[in-house]
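# Examination of the molecular architecture
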Amino acid sequence: MTQQFGDDAAAQLQQPASTAVAIAPDLAHAVDLYWLALQKLQTLIEDIEGADGRLEYLKMLRFRLIEFIQEMDGILNTHTRAVGRSHALPYALQNGIEFLELSGVELTSKLRLHEPLDIESLQQCLLQFSYWVLGRLPGQLPNAQGAQGQREVLRAMRGWSATSSVMGEDLGFLAARIRDL
Amino acid sequence: MIFAEDTERFSHVAEDRARRNTIAFMEHQGLDRQEIEALAARIHPGQCTIYFVSTIPAGLAGSKSDVDVILVPDSASGSDAVSNMMFHRDRRIGAKVILATEIAHALDRLREFSSHSLLGRCSDVQTSHSPGTIKWEDLTRLVNGLSFAQGATYLPALPDIARYATACALAKYRQQRFAAKLADRSNAVDALFGYRLNAVISAMDALMSACGRIMSNSKWTLQRWQQFEADPLTDAARSLHLLISQTWNSVLQSPRADSRTLTLLDERFDEMTATEQKPFRHRLRPLSSAICREFLPGALSIKSNGHVAIVPSNFLDRLASIDMRDPPADLSRTEAASILRLWQLEMLETVDETQEHRQ
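Read on for a plain summary of the structure. Owing to the predicted nature of the structure, the values given are computational and were not obtained by experimental measurement.

Another aspect to go through is the overall build of chain B. The secondary structure content of chain B amounts to 12 helices and 9 strands. For 359 residues, the compact-globule estimate of 2.2 N^0.38 gives 21 Å, and the C-alpha radius of gyration of chain B, at 23 Å, lies within 12% of that figure. Counting only C-alpha atoms and orienting by the principal axes, one finds that chain B spans roughly 70 × 45 × 40 Å. Classification of the 359 residues of chain B by burial places 54% in the buried group. Taking the intrachain contacts of chain B between residues at least 6 apart in sequence as the baseline, contacts between residues at least 24 apart amount to 71%. With the model as given, the accessible surface of chain B reaches about 16300 Å², and the carbon-plus-sulfur share is 49%.

Once that is clear, we can look at the sheet that holds strand 7 (residues 299-304) of chain B. Sheets are built from strands paired through backbone hydrogen bonds, the pairs being either parallel or antiparallel. All names here are of chain B. Strand order in the open sheet formed by 3 strands is 6-7-8, and the pairing between neighbours is antiparallel. Two strands in the sheet have a free side with no partner beyond their single neighbour: strand 6 (291-296) and strand 8 (307-312). Averaged over neighbouring strand pairs, the angle between their axes works out to 30° when direction is ignored. Sheet topology note: the strand 6/strand 7 ladder contains 5 bridges and is antiparallel.

Moving on to the pattern of salt bridges. When the charged atoms of two side chains with opposite charge come close together, those side chains can pair. Considering all chains together, one arrives at 27 salt bridges over all chains under this definition. Of the charged contacts, one joins Asp47(A) and Lys219(B) as a salt bridge, the two residues approaching to 2.7 Å between their closest N and O atoms. Taken together, the residues span two chains, with Asp47(A) in helix 2 (residues 27-49) and Lys219(B) in the loop between helix 7 (189-210) and helix 8 (221-229). The pair Asp47(A) / Lys219(B) is uniform in exposure class, with both members buried. Measuring nitrogen to oxygen at the nearest pair gives 2.7 Å for the salt bridge that ties Asp138(B) to Lys96(B). A residue pair is termed long-range when its members are at least 10 positions apart, and Asp138(B) in helix 5 (residues 136-143) and Lys96(B) in strand 4 (residues 91-97) qualify at 42 residues. Judged by relative accessible area, which is 4%, Asp138(B) ranks as buried.

Attention now moves to the sheet that holds strand 1 (residues 48-53) of chain B. Residues and elements named next belong to chain B. Pairing in this open sheet of 4 strands is mixed, and the strands run 1-2-4-3 from one edge to the other. Looking at which strands have only one partner, the edges of the open sheet turn out to be strand 1 and strand 3 (83-88). On average, adjacent strands in this sheet sit at an angle of 25° to one another, irrespective of strand direction.

A word on the packing of aromatic side chains. Residue and element names in this part refer to chain B. Inspection of the entire model under this criterion finds 7 aromatic pairs over all chains. Note on Tyr 51 and Tyr 154: the rings are 5.6 Å apart at their centroids and 50° apart in plane angle, and the pair reads as tilted. Of this pair, Tyr 51 sits in strand 1 while Tyr 154 sits in the loop between helix 5 and helix 6 (158-185), and the two are 103 residues apart along the sequence. Given a relative accessible area of 13%, Tyr 154 falls into the buried group. It is Arg 33 that lies over the ring of Phe 148; its NZ or CZ is 3.8 Å from the centre.

This paragraph deals with the interface of chain B and chain A. Many authors give the size of an interface as the accessible area that is lost as the parts come together. Taken together, the contact pairs 35 residues of chain B with 33 residues of chain A. Of the roughly 2900 Å² buried at the junction of chain B and chain A (both faces included), carbon and sulfur atoms supply 54%. Applying the counting rule to chain B against chain A returns 3 salt bridges. The interface formed by chain B and chain A holds 13 residue pairs in polar contact (both at pLDDT 80 or more) in total. Elements represented by at least two residues in the side of chain B that touches chain A include exactly helix 6, helix 7, helix 8 and helix 12 (333-344) of chain B. The element contributing the most residues to the side of chain B that touches chain A is helix 7 of chain B, with 9 residues. Considering only residue class, the side of chain B that touches chain A consists of 17 nonpolar, 12 polar and 6 charged.

On to the pairing of strand 8 of chain B. Residues and elements named next belong to chain B. When strand 7 meets strand 8, the two strands line up antiparallel, connected through 6 bridges. Among the inter-strand pairings, Ile 302 is bridged to a residue of strand 8, identified as Ala 309. Between the end of strand 7 and the start of strand 8, which pair antiparallel, lie 2 residues, with Asn 305 showing a positive phi angle near 55°.

What follows deals with helix 2 (residues 33-41) of chain B. Residues and elements named next belong to chain B. Turning to helix 2, its buried residues are Ile 36, Glu 37, Leu 39 and Ala 40. Along the axis of helix 2, the buried positions cluster into a sector of 160°, meaning they face one direction only. In this fold, the buried residues of helix 2 make contact with helix 1 (4-28), strand 1, strand 2 (67-73), strand 3 and strand 4. By the N-cap criterion, in which a side-chain oxygen at the helix start approaches the backbone nitrogen of a residue two or three places on, helix 2 is capped by Asp 32, the distance to Gln 34 being 3.0 Å.

Residue and element names in this part refer to chain B. The N-to-C vectors of helix 6 and helix 10 (residues 260-274) enclose an angle of 145°; their axes lie 12 Å apart at closest approach. By crossing handedness, the relation of helix 6 to helix 10 is classed as left-handed. In contact with Leu 170, Tyr 173, Arg 174, Arg 177 and Lys 181 of helix 6, helix 10 contributes Leu 262, Thr 263, Leu 265, Asp 266, Phe 269, Asp 270 and Thr 273. Looking at side-chain class alone, the contact of helix 6 with helix 10 contains 5 nonpolar, 2 polar and 5 charged residues.

Okay, the environment of Leu99(B) next. Take Leu99(B): it is sitting in the loop between strand 4 and helix 4 (100-115). The spatial distance from the C-alpha of Leu99(B) to the C-alpha of Ala76(B) is 6.9 Å, given a sequence separation of 23 residues.

A word on the pairing of strand 4 of chain B. Residue and element names in this part refer to chain B. Counting buried positions along strand 4 yields 6 of 7 residues, so the element is predominantly enclosed. Here 6 bridges tie strand 3 to strand 4, and the two strands are oriented antiparallel to one another. Of the residues in strand 4, the one forming a bridge with His 88 is Arg 91. Counted between consecutive antiparallel strands, the loop separating strand 3 from strand 4 contains 2 residues, among which Arg 89 sits at a positive phi close to 50°.

The rules we used
Residues numbered from 1 in each chain as written. Chains lettered and ligands numbered in written order. Predicted model: local features only at pLDDT ≥ 70, side-chain atom pairs only at ≥ 80, totals over all residues. Heavy atoms only, no water. Helix = DSSP H or I, 4+ residues; strand = E, 2+ residues; numbered from the N terminus. Rg over C-alpha atoms; globule rule 2.2 N^0.38 Å. Buried < 20%, exposed > 50% of the residue type's maximum accessible area, 1.4 Å probe, protein only. Contact = heavy atoms within 4.5 Å. Areas by Shrake-Rupley, 256 points an atom, 1.4 Å probe, with all protein chains shown as cover. Pairing = 2+ DSSP bridges. Axes fitted to C-alpha atoms, helices over the stretch in contact; angles between N-to-C directions. Salt bridge = Lys/Arg side-chain N within 4 Å of Asp/Glu carboxyl O. Phe/Tyr/Trp six-rings, centres within 6.5 Å; stacked < 30°, edge-to-face > 60°. Lys NZ or Arg CZ within 6 Å of the ring centre and 35° of its normal. Buried area = accessible area lost by both parts, 1.4 Å probe. Polar contact = N/O pair within 3.5 Å; in protein donor to acceptor, adjacent residues only side chain to side chain. Nonpolar A, V, L, I, M, F, W, Y, C, P; charged D, E, K, R; others polar. Arc of directions from axis to C-beta. Left-handed = near helix turned anticlockwise from the far one by under 90°.

Here it is, written out as structure tokens:
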């Protein structure tokens, strides 16, 4: 026990560990976050993987990625609240993304926004970043894109529905998601 | 408003291009067009015309792209639009049924819009609320869609769609320009860069739409711009194309620099629409659903869109006096930052006033 505390303390002295937990105000927001990742982030990753040598398309996907993580930030940080979609990119570049602990400058740098890149480098950069974002969400996200995926999604939703009940939260938000499916 | 000659030229080649692109895609990707059509046809009991839509006829589809088709039933029977996802040789096929009556209605409404003046506005000319009941995305897909049996049935609606799409893109452009000016005044240099990027991307969309090249999904804009570069254009369209390209490069190279090319672009777009619309003043104001009450002497509370903002009591008067096109020289850094923040949080909306109309 003492050994363990010692190790933790030593680790802490070197570098603050970043969190790999998602802290939301309630279950509805947590589900919304994962739902967004399922619907949009997976699609985005697929688009990036399928860029097929089209550099301009990839550059646009980079902007989409920034807008997307800003939307996620707005779900988690209700004091920020997702800004209007037409403001998302400028807002993110200026204010950064809180749940990723990235300032605007760090975001720009991580996505290599001001560097002239060839397609392979840009594709790799965007994929690494996207997988890193996914990795910040604990758990195995069902793959909504595959034939199998729909079943897994429904299973997840049933689980969330039951949990909602136990946590004393309204299940209304899930109905809309089911309709979308 | 639109570049009529460029749009017409494009409409002459559009059907052929769509056909060639679709055939090439199928061959390249080892897919069987007729099998796909047969598969899609299963989602509706009656006879349908099957349109290939979206990235495939547009020549944008890649190795992982879905095959998107829209089915238009021959007879009026049947249910609302049904969406289905199927698989053919590991490729996702997205098929949707849309009724001919709904399409006709939407195209009629679109023609009406065309003759009103949407132009010169900056308030949201909504593309998410399409004329009629079908989604804007589906309408644009149909106009550019190709049936191997019937051809490009809805292509004649291209000029109407082009006008609407151009008006929408110009409205976005203006909003982004106004936001950029606020960001500049408040010294939010990174936001300024972002707004400028957005503005020029909207400008690209506006020009391409004005030349009949329509695509509702903006993720393709930069790629389409590259394709567009190689197309033959009239002098007028070409000159605007050059200006926009120059502006894009200058924004990328010097994100924070004084942008003369953007001002030039503002003027060019104003010229384009000048003959067709009255000049507007553009303002920001609280949403009509907002509740505004005195908070303390000297301070106002505004409850709107899930937030409560406490602002100086002269905030609304100040806002009413500002023409977004031309923010006053005495607009302070703090004022600009506050207005921008409230706008970003969607507590404010833009409004267009004709010169004669005072609110």
